[in-house]
Amino acid sequence: QVQLVESGGGLVQAGGSLRLSCAASGRTFSNYVMGWFRQAPGKEREFVAAISRSGGNTYFGDSVEGRFTISRDNAKNTVYLQMNSLKPEDTAVYYCAADRALGVPTIASRYAYWGQGTQVTVSS
């Protein structure tokens, strides 16, 4: 299996930027599609972004389209989430996920492996 560790969360003012990282270990990173999800208190886990094994295909949730980008460095076993123009409603715990699924899932239940999450707080 693969182990995932997120980093890069923190407190930022509205309009600011953060870059999250997710380091993977345990298996061949390039065999996994990678996703980012987030969960705010009292809400369901929400799809944020996902990226194919090669990095050639990316997908985004409607609420972050145009503001967030996802990328991966297979040589470093790391996936990134660059978050720009942050809004208070982006406040949540952000989770990295991995799976060997066909295609690039955008549903949380399709991912077998999860990190512990990193808190992102956007102040108004």
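Rules used in this analysis
Residues numbered from 1 in each chain as written. Predicted model: local features only at pLDDT ≥ 70, side-chain atom pairs only at ≥ 80, totals over all residues. Heavy atoms only, no water. Buried < 20%, exposed > 50% of the residue type's maximum accessible area, 1.4 Å probe, protein only. Helix = DSSP H or I, 4+ residues; strand = E, 2+ residues; numbered from the N terminus. Pairing = 2+ DSSP bridges. Disulfide = S-S within 2.5 Å. Polar contact = N/O pair within 3.5 Å; in protein donor to acceptor, adjacent residues only side chain to side chain. Contact = heavy atoms within 4.5 Å. Core = buried A, V, L, I, M, F, W, Y, C linked by side-chain atoms within 4.5 Å.

Looking now at the pairing of strand β9 (residues 92-99). Among the eight residues of β9, eight are classified as buried, and the element is accordingly described as predominantly covered. As paired elements, strand β4 (residues 33-39) and β9 share seven bridges and run antiparallel to each other. Note on β9: the bridge partner recorded for Arg 38 is Tyr 94. Pairing geometry for β9 and strand β11 (residues 118-123), over three bridges, is antiparallel. From the neighbouring strand, Tyr 94 faces β11, where its bridge partner is Thr 118. The sheet contact formed by β9 and strand β10 (residues 113-114) spans two bridges and is antiparallel. Counted as the bridge partner of Ala 98 is Tyr 113 from β10.

Before going further, it helps to examine unusual backbone geometry. Even without a glycine there, the phi angle at Asn 77 is positive, about 55°. As for its placement among the helices and strands, Asn 77 is situated in the loop between β7 (68-73) and β8 (78-83). Although it is not a glycine, Ser 85 adopts a positive phi angle of roughly 50°. With respect to the helices and strands, Ser 85 occurs in the loop between β8 and β9. A residue is classified by how much of its surface remains accessible, and Ser 85, at 40% relative accessible area, is partly exposed.

For the structure shown, the criterion picks out one disulfide. Residue Cys 22 pairs covalently with Cys 96 via a disulfide, S to S 2.1 Å. Taking the sign of the torsion about the S-S bond as the criterion, the disulfide between Cys 22 and Cys 96, at about -80°, is left-handed. In this pair, Cys 22 sits in strand β3 (residues 18-25) while Cys 96 sits in strand β9, placing the two residues 74 residues apart along the sequence. Per residue, the accessibility class of Cys 22 equals that of Cys 96, and both read buried.

Let's shift gears to the side chain of Asp 90. Tracing the chain through its elements places Asp 90 in the loop between β8 and β9. A polar contact of 2.8 Å, which involves the side chain of Asp 90, links it to the backbone nitrogen of Lys 87. For Asp 90, the contacting residues outside a window of four places in its chain are Arg 38, Arg 67, Phe 68, Ser 85, Val 120 and Val 122.

Ranked by internal contacts, the top residues of the largest apolar core, which has 29 residues, are Met 34, Trp 36, Val 79, Leu 81, Met 83 and Tyr 94. In terms of nonpolar packing, the next biggest core, distinct from the first, is built from seven residues, Val 33, Phe 47, Ala 97 and Val 104 among them.

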